Amino acid sequence: MDTNNHKNLPKPIYGESPVFQMAVLQLLEVAEVIGLDQNILERLSKPKRAMVVSVPIRMDNGKTHTFIGYRVQHSLTSGPSKGGIRYHPSVDIGEVAALAMWMTWKCAIMNLPFGGAKGGIACDPDKLSMGEKERMTRRFTEEILPIIGPRMDVPAPDLGTDEQTMAWIMDTYSMSVGYACPEIVTGKPIELGGCIGRREATGRGVVYCIMQALQEIGVSAGNATAVVQGYGNVGAVTCQELAMRGVKVIAISDRYGAITNPEGIDIAALNKHMADGKLLKEFPGGREADANEILTMPCTVLVPAALERQITENNAAQLKCRILAEGANGPTTPEADKILADSDIFIIPDILCNAGGVTVSYFEWVQDMAQFFWDEAQVNQKLEQLMLKAFHQVRTVAKESKLSMRLAGMSLAVKKVAQEKKRRGLYP
Ligand code: GLU
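For the structure given in this document, a descriptive report is provided here. Remember, predicted model here, so these are calculated numbers, not experimental data.

With 97 residues, the main nonpolar core has W102, W105, I210, L214, I252, I348 and L352 as its most contacted residues. Sorting elements by how many residues they give to this core places helix α3 (residues 93–109) first, with 13 residues. Not counting the four nearest positions on each side in its chain, I252 is found in contact with V228, G230, Y231, C239, G257, A258, I259, I265, I267, L270, L280 and I294. I121, I144, C181 and V185 belong to the second-largest nonpolar core, a separate cluster that totals 22 residues.

Right, dumping it as structure tokens:
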């Protein structure tokens, strides 16, 4: 399908972004499969609302720098919109709009009462001091204040942001409304109303899905190997949880390089090495490797857990994994998807695979609203239960309708949102 020829593709503000084009292409494909109402398709192919703000802050050197920040809400049909805030140099309106759309499908697949949103600031957080990050976060929060709220739009961490970022957002919002409002963000520190297990939730969810997929292909954890791209929150926890279950992690990369070890990388030792402020590629328990080449290494499970558009038409045919578990959002382009459709690689699509994070965010929001807190066992048990339910729902649709796992997941999600839209009707 050529996006430029399609009359429904929004132009030019989001349409020029390859990431946004990719999200729209996926939507168009599923719309055709499920026979989606043209009017609803048109609405769902654009965000509900997007805000672009200037974020001027005083840098440590005394100069002022103005960053550009975004918050995009794709849908508020099913409840408040939900989604992370990303600090990364690649952040732009198209990327954020695509990520917001994916959040809508992710929340729908998990049956959470949320729509999708995403936000971000184009910056390199590794080059900012704590003070600069705090000032940037607080000013950004102030700028997007009119469109966020516990019942309107609830931010969370994403690439380059963490619990501390969420604490600053919570404080800035609370100071503005005049009372402590923990339910404005999820992924907060526990002492501010955060949820036990939220930090690990995305990686855990990825691994719950991988375990199901291993069963599907008839390989035991002890006989499986994994290659993981990205060693941030998602990649690191995924490695830890895989190692705990006896899966050998034979290669890992991050933005600075990669390592391999055919005997299995000692994850606990690697975490200690990184906690000392050293680089992954300098880890003595592995051999330095090329970050792109590890994607095509023979392995049982490949987990892209970094940025979008990593599996493309250029490398898809070379993948030698049996399971592709999409820890990242949008790691596989539609062109690559077509190539993979002819292979027997079992794909766990992003909107299912990495949905553990927003699922525990939902638990956190519920606890904050009720001011009644759960213990870790409750959180993990409920997370596993919801992840397995969603996995098997998607698997069943894929089998019964002979669809790829991605199309099956998308069709469940888009149908749910479309039905809610129909029921609510068009205002006024
Ligand atoms: N940023 C995460 C994601 O992409 C989590 C969003 C959330 O918890 O609201 O799913």
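Anyway, onward from the coordinates.
The terminal C-alpha atoms of helix α5 (residues 163–177) lie 21 Å apart, and with 15 residues this matches the ideal 21 Å at 1.5 Å per residue to within 8%. Elements that come into contact with the buried residues of α5 comprise β3 (81–88), α4 (130–144) and β5 (153–157). With a side-chain oxygen positioned 3.1 Å from the backbone nitrogen of Q164, the residue opening α5 is D162. Trailing α5 by a residue or two, G178 shows a phi angle of about 95°, which is positive.

So, about the pairing of strand β6 (residues 225–229). Two faces make up the sheet, and in a regular strand the side chains alternate between them. Counting buried positions along β6 yields 5 of 5 residues, so the element is predominantly enclosed. In β6, alternate side chains face the same way, and those of T225, V227 and Q229 on one face and A226 and V228 on the other are all buried. Sheet analysis places β6 next to strand β7 (residues 248–254), joined by 5 bridges and oriented parallel. Note on β7: the bridge partner recorded for A226 is V249. The β-α-β motif built from β6, the intervening helix α7 (residues 233–244) and the parallel element β7 has right-handed crossover chirality.

In the vicinity of the ligand lie 14 residues, with K82, K106, K118, D158 and S361 positioned nearest. With respect to the ligand, the backbone of P157 contributes an N or O atom lying 2.9 Å from a nitrogen atom. In the model, an oxygen atom of the ligand is placed 2.5 Å from a nitrogen or oxygen of the S361 side chain. Alone, the ligand offers 290 Å² of accessible surface; in the complex the protein occludes 95% of this.

Ordered by their spatial adjacency, 7 strands build an open sheet running β9-β8-β7-β6-β10-β11-β12, and the pairing between neighbours is mixed. The two strands at the open ends of the sheet, each matched to only one other strand, are β9 (287–289) and β12 (346–348). Across the sheet, the mean angle separating the axes of adjacent strands is 20° when strand polarity is ignored. Bridge count between β7 and strand β8 (residues 257–260): 4 bridges; the pairing is antiparallel.

Moving on, we come to the sheet that holds β3. Reading across the sheet, the 5 strands line up as β1-β2-β4-β3-β5 and stay open at both edges, with mixed pairing between neighbours. Of all the strands in the sheet, the pair left with one neighbour each is β1 (49–58) and β5. Pairs of neighbouring strands in the sheet enclose a mean axial angle of 25°, with direction left out of account. Here 5 bridges tie strand β2 (residues 64–73) to strand β4 (residues 115–122), and the two strands are oriented antiparallel to one another. Within β4, the residue paired with V72 across the bridge is K118.

Conventions we followed
- Residues numbered from 1 in each chain as written.
- Predicted model: local features only at pLDDT ≥ 70, side-chain atom pairs only at ≥ 80, totals over all residues.
- Heavy atoms only, no water.
- Core = buried A, V, L, I, M, F, W, Y, C linked by side-chain atoms within 4.5 Å.
- Buried < 20%, exposed > 50% of the residue type's maximum accessible area, 1.4 Å probe, protein only.
- Helix = DSSP H or I, 4+ residues; strand = E, 2+ residues; numbered from the N terminus.
- Contact = heavy atoms within 4.5 Å.
- Expected span 1.5 Å × (residues − 1).
- Polar contact = N/O pair within 3.5 Å; in protein donor to acceptor, adjacent residues only side chain to side chain.
- Pairing = 2+ DSSP bridges.
- Right-handed = clockwise from strand over helix to strand, strands pointing away.
- Near = heavy atom within 4 Å.
- Areas by Shrake-Rupley, 256 points an atom, 1.4 Å probe, with all protein chains shown as cover.
- Axes fitted to C-alpha atoms, helices over the stretch in contact; angles between N-to-C directions.

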